[in-house]
Amino acid sequence: MEEITEGVNNLHVTAADSHKKNRIQVSNTKKPLFFYVNLAKRYMQQYNEVELSALGMAIATVVTIAEILKNNGLAIEKKITTSTVDVKDESRGRPMQKAKIEILLGKTENFDELMASAAEERDVGDGEEQS
């Protein structure tokens, strides 16, 4: 009986892992690129790291988001995972394999400073527009 309980407890841990709070599943049809860039910044502020995930054609979008964040000095690459997953093709009704990528990004040491200066620039810009 103890073995069954232990197995159930381990299963629960695995299931909780599949719905990470800091994971963004990117689609290249639903939202514009900078929606995901800004969302990733917010997730890094909250959780200190963000996991970007995509399937198939959206992989290029995830790589672009990661590169924008890295080139702006906001993120560092912690881990990149690639794999293939079986997805059921709705039109043909049969399973097909799709490429999958997961990129884990962490905050840089000066992330908070860069975000604060960007917020100040926005505030100054707003003040000039109102006067």
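Scope of this entry: the structure provided in the associated data block. If you're wondering where the values come from, they're calculated on a predicted model, not measured in any experiment.

**With respect to the overall build of the protein chain**
Turning to step 1, where the next piece is worked out: The helix and strand inventory of the protein chain stands at four helices and four strands.
Turning to step 2, where the next piece is worked out: Listing the helices and strands of the protein chain from first to last along the sequence gives α-β-α-β-α-β-β-α.
Turning to step 3, where the next piece is worked out: Counting every position in the protein chain, which comprises 131 residues, the buried fraction comes to 29%.
Turning to step 4, where the next piece is worked out: Entry remark: accessible area of the protein chain is about 9,400 Å², with carbon and sulfur atoms responsible for 50%.

**Here we look at the nonpolar core**
Turning to step 1, where the next piece is worked out: By size, the foremost hydrophobic cluster in this structure holds 25 residues, and its most contacted members are I24, V50, L52, L69 and L105.
Turning to step 2, where the next piece is worked out: At the level of secondary structure, the elements contributing two or more residues to this core comprise α2 (33-47), β2 (49-55), α3 (59-71), β4 (95-107) and α4 (111-130).
Turning to step 3, where the next piece is worked out: Contacts of I24, omitting those with residues within four sequence positions, involve Y36, L39, A40, Y43, V50, E51, L52 and S53.

**Focus on the sheet that holds strand β3 (residues 75-88)**
Turning to step 1, where the next piece is worked out: If you walk across this open sheet you meet the four strands as β1-β2-β4-β3, and the pairing is mixed. Strand pairing shows two members of the sheet lacking a second neighbour, β1 (23-25) and β3, which therefore form its edges. Going from strand to strand, the sheet's axes swing by 20° on average, the running direction of each strand aside.
Turning to step 2, where the next piece is worked out: Two elements, β2 and β4, share seven bridges in a ladder whose sense is antiparallel. For A54, the partnering residue across the bridge sits in β4 and is I101.
Turning to step 3, where the next piece is worked out: Relative to β2, α2 is tilted by about 140°, and along the sheet it contacts β1, β2, β3 and β4.
Turning to step 4, where the next piece is worked out: Across the face of the sheet, α3 comes into contact with β2, β3 and β4 while running at roughly 10° to β4.

**Focus: the pattern of salt bridges**
Turning to step 1, where the next piece is worked out: Using the criterion set out here, one finds seven salt bridges in the structure.
Turning to step 2, where the next piece is worked out: Here K70 makes a salt bridge to E77, at a shortest N to O gap of 2.4 Å.
Turning to step 3, where the next piece is worked out: For K70, a relative accessible area of 25% translates into the label partly exposed.
Turning to step 4, where the next piece is worked out: Look at E77 and you get partly exposed, because its relative accessible area is 39%.
Turning to step 5, where the next piece is worked out: Among the salt bridges present, the one from D112 reaches K107, with a minimum N-O distance of 3.3 Å.
Turning to step 6, where the next piece is worked out: Residues joined by salt bridges that share partners form a network here, namely R23, E51, K100 and E102.

**Concerning the environment of K41**
Turning to step 1, where the next piece is worked out: Counting through the fold element by element, K41 comes out in helix α2.
Turning to step 2, where the next piece is worked out: Not counting residues up to four positions away in its chain, the partners in contact with K41 are L69, L74, F111 and M115.

**Section: α2**
Turning to step 1, where the next piece is worked out: In a regular helix each residue adds 1.5 Å, so 15 residues correspond to 21 Å; α2 covers 21 Å between its end C-alpha atoms and thus fits that length.
Turning to step 2, where the next piece is worked out: A positive backbone phi angle near 70° is found at N48, which sits one or two residues after α2.

The rules behind the values
Residues numbered from 1 in each chain as written. Predicted model: local features only at pLDDT ≥ 70, side-chain atom pairs only at ≥ 80, totals over all residues. Heavy atoms only, no water. Helix = DSSP H or I, 4+ residues; strand = E, 2+ residues; numbered from the N terminus. Buried < 20%, exposed > 50% of the residue type's maximum accessible area, 1.4 Å probe, protein only. Areas by Shrake-Rupley, 256 points an atom, 1.4 Å probe, with all protein chains shown as cover. Core = buried A, V, L, I, M, F, W, Y, C linked by side-chain atoms within 4.5 Å. Contact = heavy atoms within 4.5 Å. Pairing = 2+ DSSP bridges. Axes fitted to C-alpha atoms, helices over the stretch in contact; angles between N-to-C directions. Salt bridge = Lys/Arg side-chain N within 4 Å of Asp/Glu carboxyl O. Expected span 1.5 Å × (residues − 1).

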